[in-house]
Amino acid sequence: MEKIFGMPKSLTAKPFSFCAGCTHGIIHRLVAEVIDELGIKESAIGVGSVGCSVFSYEFFDVDMASASHGRAPAVATGIKRARPNNIVFTYQGDGDLAAIGTAEIVHAAARSEKITVIFVNNAIYGMTGGQMAPTTVLGQKTETTPYGRTVENQGYPVKMSEMLSALDGSNFIERVTVVTPAYVNKAKAAIKKAFQYQIEGKGFNLVEVLSTCPSCWGMPPLKAMDWLKENMLPVFPLGVYKDNGNK
Amino acid sequence: MGEKILMKGNEAIGEAAISAGCRCFFGYPITPQSELPAFLAKKMPLVGGVFLQAESEIAAINMVYGAASAGVRVMTSSSSPGISLKQEGISYIAGAELPVLICNVQRAGPGLGTIQPSQSDYFQAVKGGGHGDYRLIVLSPSSVQEVIDLIRLGFDLADKYKTPAMFLAEGMLGQLMEPVDLGDYKPNIPDKPWALTGCKGREKNIVTSLWIDPEELERHNLELQKKYAKIKENEQRWEEFKFDDEAEYLIVAHGTMARIAKSAVIKAREEGIKTGLIRPISLWPYPEKAFANLKNIKKILVVEMSMGQMVEDVRLSVNGRVPVEFFGRAGGMFPTVNQILGKLREIK
Ligand SMILES: Cc1ncc(C[n+]2csc(CCOP(=O)(O)OP(=O)(O)O)c2C)c(N)n1
Ligand code: SF4
């Protein structure tokens with residue numbers, strides 16, 4: 001019998017450490033499939049971040065560095081500048097990229113770094129147990145917004161794709177999600193494009209993936225997908241925010 | 001021996017780094033080391049290297065982490081407040097066992113302090129600075145020639161031991177113009193099979209400082225300690241001046257402070273105070289071996305451009321065998337020859 005569906009070569013056999021139903025797993029798989037399909041497994045260098053994806057260096061079967069909290073774009077810059085022929089990507093959460101690491105992502109984009117960023121926005125800090133993230137939506141209850149996020153106290157959620165697309169240095173920015181099979185296909189196409197551009201020598205490329213955190217949102221996985229559609233899609237509209245290749 | 005050429009300290013750092021095969025520099029502007037990035041911004045493109053002005057010292061040290069992971073010789077440079085910002089990154093570099101060179105052209109603190117030279121980052125450099133049980137190799141130059149020698153040595157030792165090294169200078173050395181001999185040094189760059197280059201033809205490589213299992217992390221720490229013990233045994237460096245059989249008093253001073261201390265030793269001898277000097281060159285590992293034989297020494301005077309930091313390591317090395325006195329100035333002021341002489345007369 002012919003095997004027509006299996007593990008991507010760019011994933012190791014190590015079981016994911018994510019909670020059941022967490023969409024980090026889907027996103028990992030998509031990145032690995034894209035690396036396989038583009039034939040870049042042997043030249044790819046990934047940079048993991050600090051968050052629930054901190055073990056991404058164990059899951060991706062490519063050369064990997066693990067960065068300190070927020071600094072993956074700087075680490076990726078160092079790697080790409082030292083080895084311009086390798087394909088360099090980061091995998092970061094919203095606390096990592098949109099709070100502590102805001103300066104690093106903004107300036108990597110401003111410099112047009114020829115890297116690919118996978119930005120997983122789950123509107124919460126998963127790893128540390130469900131505190132407010134910069135992307136937490138208004139009214140959302142978290143460990144540190146027990147009465148819900150309010151404009152008066154915590155201000156508005158940060159929209160990174162919109163912000164980064166305003167910079168001249170960004171080349172490709174798309175926001176996607178993975179909560180239905182159709183969305184998953186679109187997400188994969190966006191991730192592929194973000195790598196393809198880097199292969200063509202273009203930067204800066206980022207895909208923001210709206211993702212669920214059933215554990216810290218306090219709901220079962222399917223309900224979390226509905227919650228994302230109802231509460232995150234209106235605040236973080238899907239779509240292509242920047243695509244210089246299509247100009 | 002080559003021809004001698006005149007060079008400013010800050011430029012000598014850059015010249016030596018390039019001769020050592022350093023091909024990546026990441027930094028953020030700060031006085032008093034600004035001539036160095038300006039020099040490298042000009043020179044790096046000419047040798048096919050990378051010069052990048054980062055958005056902060058935090059970004060710079062993490063770019064350094066990335067470039068070192070990718071297997072190239074890489075350096076960053078800053079001054080005291082900027083070095084404080086780099087500490088988390090330095091701890092990660094030590095944990096991940098990456099060879100890098102960090103220059104600190106010190107200014108006086110605490111806080112924004114002043115841009116005048118100082119030695120008040122000694123503790124931060126030799127006792128940790130960042131979190132965790134790690135050590136930096138710390139080298140302290142006292143002349144522009146030694147800037148060249150120690151930058152090269154710093155790169156070689158960092159690669160040899162897979163560990164971060166710090167070049168710890170004081171502001172005035174960066175400004176000092178002196179003749180130097182570039183010699184015929186060849187960098188000693190080992191193979192780096194652990195580096196991230198893409199996994200073609202081999203298993204994937206990982207660069208990380210994460211060991212989530214406490215037993216594994218303890219094992220990692222014990223391995224680091226073994227490495228540090230080796231460095232302590234092999235890499236203590238110091239200079240002695242008139243530390244002969246006649247010497248009854250000993251001054252201990254490092255870096256540019258030792259130049260002033262040398263003049264004080266000469267003057268003291270003229271007065272009949274039989275004084276010698278130990279100038280530590282490696283601040284970590286501290287040159288304990290220099291203090292092995294103190295049998296004729298009545299007292300030791302430690303002189304620093306700080307309120308007393310290295311004096312603690314002198315006391316540890318001497319371990320109560322001889323009284324250890326201290327004289328220091330802070331805030332960018334430095335002890336003068338006369339002040340040191342006065343202190344010697346006082347403790348005699
Ligand atoms: C300097 C520093 N500050 C704080 C932390 C603690 N910390 C670990 S992960 C994290 C937040 C991660 O959230 P996010 O980036 O949204 O990723 P997620 O876990 O939701 O995937 C924080 C604050 C740290 N590791 N380092
Ligand atoms: S805490 Fe949330 S983000 Fe983290 S693995 Fe669990 S579900 Fe996923």
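The rules behind these values
- Residue positions are counted from 1 within each chain, in the order its sequence is given.
- Lettering for chains starts from A, numbering for ligands starts from 1, and both go in the order in which the items are written.
- Given that this is a predicted model, residues contribute local features only at a pLDDT of at least 70 and side-chain atom pairs are listed and counted only at 80 or more, while totals for whole chains, interfaces and linings are drawn from all residues.
- The basis for the side-chain values is all heavy atoms of the structure; hydrogens and waters are excluded.
- Numbered from the N terminus, helices here are DSSP runs of H or I no shorter than four residues, and strands are runs of E no shorter than two.
- Taken over C-alpha atoms, the radius of gyration is set against a globule rule of 2.2 Å times the number of residues to the power 0.38.
- The buried label goes to any residue with under 20% of its type's maximum accessible area, the exposed label to any with over 50%, and the partly exposed label to all in between, with areas taken from a 1.4 Å probe on protein chains only.
- Here a residue-residue contact requires only that any non-hydrogen atoms of the pair lie within 4.5 Å.
- What sets the accessible areas is the Shrake-Rupley method with a 1.4 Å probe; for residues, cover comes only from the shown protein chains.
- Distances are taken per atom, and a residue is near a molecule or strand as soon as one of its heavy atoms is within 4 Å of it.
- When residues are sorted by character, Ala, Val, Leu, Ile, Met, Phe, Trp, Tyr, Cys and Pro go into the nonpolar class, Asp, Glu, Lys and Arg into the charged class, and all the rest, Gly among them, into the polar class.
- A 3.5 Å cut-off defines polar contacts: any pair of N or O atoms within that distance qualifies, except that in protein one atom must be a possible hydrogen donor and the other a possible acceptor, and neighbouring residues in sequence count only when both atoms are side-chain atoms.
- The domain boundaries here were taken from an automatic or database domain assignment.
- Reported buried area values correspond to the accessible surface (1.4 Å probe) lost by two parts on association, with both partners' losses combined.
- A carboxyl oxygen of Asp or Glu within 4 Å of a side-chain nitrogen of Lys or Arg is what we treat as a salt bridge.

## Examining the overall build of chain B
Looking only at helices and strands, chain B features 12 helices and 16 strands. Against the 2.2 N^0.38 benchmark of 20 Å for 348 residues, chain B shows a C-alpha radius of gyration of 20 Å, consistent with a compact globule. When each of the 348 residues of chain B is scored for burial, the buried share is 59%. In chain B, the share of contacts with a sequence separation of at least 24, taken over all contacts with a separation of at least 6, comes to 80%. Carbon together with sulfur atoms contributes 52% to the accessible area of chain B, which is approximately 13900 Å² in total.

## Topic: the site of ligand 2
For ligand 2, the full set of nearby residues is Phe18(A), Cys19(A), Cys22(A), His24(A), Cys52(A), Asn122(A), Gly126(A), Cys213(A), Pro214(A) and Ser215(A). When grouped by side-chain class, the residues that make up the shell around ligand 2 number 6 nonpolar, 4 polar and no charged.

## Re the site of ligand 1
Surveying the vicinity of ligand 1 reveals 17 residues, the closest of which are Cys52(A), Asp94(A), Gly95(A), Asp96(A) and Gly126(A). Around ligand 1, the neighbouring residues derive from chains A and B rather than from a single chain. Take Gly95(A): an N or O atom from its main chain is 2.9 Å from an oxygen atom of ligand 1. Gly126(A) is positioned with one of its backbone polar atoms (N or O) 2.8 Å from an oxygen atom of ligand 1.

## Things to note about the domain arrangement of chain B
Residues and elements named next belong to chain B. Assigned domains within chain B: domain 1 (5-234) and domain 2 (239-347). Using only C-alpha atoms to locate each centre, domain 1 and domain 2 end up separated by 28 Å. Each side of the interface is counted separately: domain 1 has 33 residues, and domain 2 has 26 residues. For the domain 1 and domain 2 pair, buried surface summed over both sides reaches about 2500 Å², with 55% attributable to carbon and sulfur atoms. When the buried surface of domain 1 facing domain 2 is broken down by residue, Gln119, Tyr122 and Ser142 rank first, second and third, together holding 27% of it. Inspection of the region where domain 1 meets domain 2 yields 4 salt bridges. Here domain 1 is connected to domain 2 by 17 residue pairs in polar contact (both at pLDDT 80 or more). Elements with a contribution of two residues or more to the side of domain 1 that touches domain 2: β6 (114-117), α6 (122-126), β7 (137-139), α7 (144-161), β8 (164-170), α8 (171-175) and α9 (214-234). Top contributing element to the side of domain 1 that touches domain 2 by residue count: α9, with 4 residues. A class-by-class count of the residues in the side of domain 1 that touches domain 2 yields 17 nonpolar, 8 polar and 8 charged.

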